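This is what each chain is made of:
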Amino acid sequence: MAGVYGRQVAISIGVGTPRTNRKPVLGVFGQDGALLGFAKVGVDEGSRHDVTQEARSFDHLEGRVPACIITPQLLDMASWEGLTVLSMTALRTKPGVPRKRDGQPPQGHMQQFSKAFGNGPTTLQASPFWASVRSGASRLAGTPLGPHFSSAVAAVEHCVGDVVVETGGWHGDWTPWNMSWNGDRLALWDFERFDVDGLVGLDAVHYAVSTVSRGRTPTFDVVLAGIDLARRSFVNDGTDVDALVTAYLAAISLRYLERSTGLRGELIAPRAELMLGALQRWLDMPQAAAGLG
């Protein structure tokens with residue numbers, strides 16, 4: 001670490017609660033106590049995958065993040081004693097500065113970020129994003145919930161496959177606890193779930209659902225409350241919000257279902273079942289029966 005940061009350093013280690021993506025995160029400090037950066041450590045199959053994915057994300061982000069957003073800078077990606085270590089700079093955040101202002105997703109910043117990686121409009125079923133969902137459904141074919149997910153994917157294509165969406169990157173886990181305000185600029189971190197092949201608006205839906213769900217017993221009604229918050233954040237901008245919500249529920253179900261088949265998968269299996277059930281129930285609601293608008 002001293003070699004990466006160019007000075008003698010002190011290290012703190014945080015591990016966190018048991019979860020599928022748990023990994024050691026090192027705080028790196030100078031001898032004067034100043035925070036210099038962070039290092040994420042891949043110690044097993046799952047955490048090595050996440051650390052490697054975030055390193056790839058930094059490659060995609062370089063030179064493309066809009067000026068209104070501040071992100072960490074990649075310093076080093078290395079192997080040490082069989083571990084995978086990703087080192088990055090620290091962002092300047094101030095204690096007491098609110099991470100969210102009015103409870104609404106920061107739509108302006110989200111859209112600028114997403115559109116920086118976009119390739120214009122297309123139909124949902126023709127988008128690279130949806131190709132990834134289809135591919136995931138194929139990978140899950142031999143799992144207990146795989147056939148149910150495949151049926152839901154087919155139903156989504158029937159309902160909204162021809163809806164025009166705007167391609168763009170999505171952070172994948174944009175939440176109030178992965179960001180902080182710095183004046184009118186927004187500091188954003190934790191890019192393990194970043195995907196250049198996303199849709200404009202997915203981050204807003206995830207932000208709203210995550211915000212409403214935090215600290216509450218996860219149920220369909222809680223997810224629906226998050227969706228309602230997301231829908232209210234899209235005001236007269238031409239977005240087919242119900243179609244976007246449908247695409248989001250498919251993508252997040254896929255993420256959790258795939259994680260549930262890996263190391264410590266039992267920890268996220270209930271969430272995977274909840275989100276798949278939410279997708280199925282959402283498709284059965286009146287807006288789906290009417291072709292989602």
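Coordinates for the structure precede this section.
A brief look at the structure comes next.

Criteria and thresholds
As a convention, each chain's residues are numbered from 1 in the sequence order in which they are written. Thresholds applied to this predicted model are a pLDDT of at least 70 for local features of residues and 80 or more for the giving and counting of side-chain atom pairs; totals over whole chains, interfaces and linings are not thresholded and use all residues. Hydrogen atoms and water are omitted, and side-chain values are computed over all heavy atoms in the structure. Note on pairing: DSSP must find at least two bridges between two strands before they are called paired. Only DSSP runs of H or I reaching four residues or more are called helices, and only runs of E reaching two or more are called strands; each is numbered from the N terminus. Angles shown run from 0 to 180 degrees and are taken between the N-to-C directions of axes, each axis being a line fitted to C-alpha atoms and, for helices, limited to the stretch in contact. Contact between two residues is taken to exist if any of their heavy atoms lie within 4.5 Å; hydrogens are not considered. Under the rule applied, a polar contact is a pair of N or O atoms within 3.5 Å (in protein, one hydrogen donor and one hydrogen acceptor; residues adjacent in sequence only if both atoms are side-chain atoms). What a helix should span is 1.5 Å times the count of its residues minus one. Only protein chains enter the accessibility calculation, which uses a 1.4 Å probe. A residue is then buried if its area is under 20% of the maximum for its type, exposed if over 50%, and partly exposed in between.

1. A closer look at the sheet that holds strand E6 (residues 83–89)
Step number 1: If you trace the five strands from one edge of the open sheet to the other, you get E1-E2-E3-E6-E5, paired in antiparallel fashion. The sheet is open, and its two borders are formed by strand E1 (9–14) and strand E5 (74–80), each paired with just one other strand. Here the strands of the sheet are splayed against their neighbours by 20° on average, with no regard to which way each runs.
Step number 2: Sheet strands touched by helix H2 (residues 45–61): strand E3 (35–42), E5 and E6. Its angle to E6, the strand with the most contacts, is close to 35°.

2. Some points on the side chain of Ser127
Step number 1: Along the chain, Ser127 turns up in the loop between strand E7 (121–123) and helix H4 (128–139).
Step number 2: A distance of 3.1 Å separates a polar side-chain atom of Ser127 from the backbone nitrogen of Trp130.
Step number 3: Ignoring sequence-local partners within four residues, the contact set of Ser127 consists of Thr122 and Leu199.

3. Considerations on H2
Step number 1: Compared with the 24 Å implied by 1.5 Å per residue over 17 residues, the 24 Å span of H2 between its first and last C-alpha is a close match.
Step number 2: By the burial criterion, the buried members of H2 are Gly46, Ser47, Asp50, Val51, Glu54, Ala55, Ser57, Phe58 and Leu61.
Step number 3: Gly63, located one to two residues past H2, shows a positive phi value of around 80°.

4. Comments concerning the pairing of strand E8 (residues 164–170)
Step number 1: The buried fraction of E8 is high, at five of seven residues.
Step number 2: Pairing between E7 and E8: three bridges, direction antiparallel. Considered in E8, the bridge of Thr122 is made with Val165.
Step number 3: Relative to strand E11 (residues 195–199), E8 runs antiparallel, the two sharing three bridges. Residue Thr167 lies in a different strand from E11, and its bridge partner there is Leu199.

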